[in-house]
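Here's the letter readout for the chains.
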Amino acid sequence: MHRHALKIALLGSALMFMGAGSVSAADEDHISFKMVAANACLPDAKAKVQIISDGQAEDMFIVASGLPPNTAFDFFVIQVPKAPFGLSWYQGDMQSDDDGDAVQHFRGRFSIETFIVAPGSAPAPKVFDDNATTNPATPPVQIYHLGLWFNSPTDAQNAGCPNTVTPFNGEHNAGIQVLNTSTFRDDKGPLLRLSP
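Heads up: these notes are all about the structure in this document. Just so it is clear, the model here is predicted, and its values are computed rather than measured. (Residues numbered from 1 in each chain as written. Predicted model: local features only at pLDDT ≥ 70, side-chain atom pairs only at ≥ 80, totals over all residues. Heavy atoms only, no water.)

Remarks on the sheet that holds strand E1 (residues 30-37)
With antiparallel pairing, the 8 strands of this open sheet are ordered in space as E5-E4-E9-E10-E1-E2-E3-E6. The open sheet has two edge strands with one neighbour each: strand E5 (88-95) and strand E6 (102-108). Strand-to-strand twist of the sheet, defined as the mean angle between neighbouring strand axes without regard to direction, takes the value 25°. Alignment of strand E4 (residues 72-78) against E5, held across 7 bridges, turns out to be antiparallel. Within E5, the residue paired with Val77 across the bridge is Trp89. (Pairing = 2+ DSSP bridges. Helix = DSSP H or I, 4+ residues; strand = E, 2+ residues; numbered from the N terminus. Axes fitted to C-alpha atoms, helices over the stretch in contact; angles between N-to-C directions.)

Regarding the side chain of Ser152
The residue Ser152 is located in the loop between strand E9 (145-150) and helix H2 (153-158) in this model. By relative accessible area, which is 17% here, Ser152 ends up buried. (Buried < 20%, exposed > 50% of the residue type's maximum accessible area, 1.4 Å probe, protein only.)

Side note on the packing of aromatic side chains
On inspection of all chains with the given rule, the structure shows 9 aromatic pairs. Here Phe76 and Tyr90 contribute two aromatic rings whose centre-to-centre distance is 5.1 Å and whose plane-to-plane angle is 15°, an arrangement assigned as stacked. Pair noted here: Phe76 is in strand E4 and Tyr90 is in strand E5, with a separation of 14 residues, a long-range link. Centroid distance Trp149 to Phe168: 3.9 Å. Interplanar angle 10°. Geometry classified as stacked. Of the two residues, Trp149 sits in strand E9 while Phe168 sits in the loop between H2 and strand E10 (177-180), which places them 19 residues apart along the sequence. Exposure remark for Trp149: the relative accessible area of 1% places this residue in the buried category. Given the relative accessible area of 8%, Phe168 is considered buried. Each residue in the set Phe76, Phe85, Tyr90, Trp149 and Phe168 is aromatic and connected to the rest through ring pairs, giving one cluster. (Phe/Tyr/Trp six-rings, centres within 6.5 Å; stacked < 30°, edge-to-face > 60°.)

Quick look at the structure:
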């Protein structure tokens, strides 16, 4: 009973920030938009995202539904919404409940100023077998899309999806993408719409 009450409270708090509609344009200090199913094996998967800026950083609230119940997922900020995804970073985890709903809050930079840069090559630690030992130099690259992946190929297979292995989790052995922001053009991801 306690877990159900907590879920209702979290959903209520997130939805309070999100309002009833789906706003796709900036409204001074916040935006809202939807994430859509990335694979036909989970046609009911979807999420609403609300991002609120205080000028120094942003708070991102995600309310997802239609997911397999009691399953772990990994959330990424990505350059383009579908393969090959481009430059990407691991933002954090989400966990669905008994009803296949998941709620999460992240704080960071989720606006027109979201980018990756590598002024030069530098040594990198080799923690996992597939790690590079140096980075490629790259000028600033803006990244404005979001994606959610199964934490494991086994979880994907248990949900009736392909058990393809992808690098989109902390150990680089995740499952397939579940949600993305592909209703926005590759070069005009939703984070571009927020100017803090």
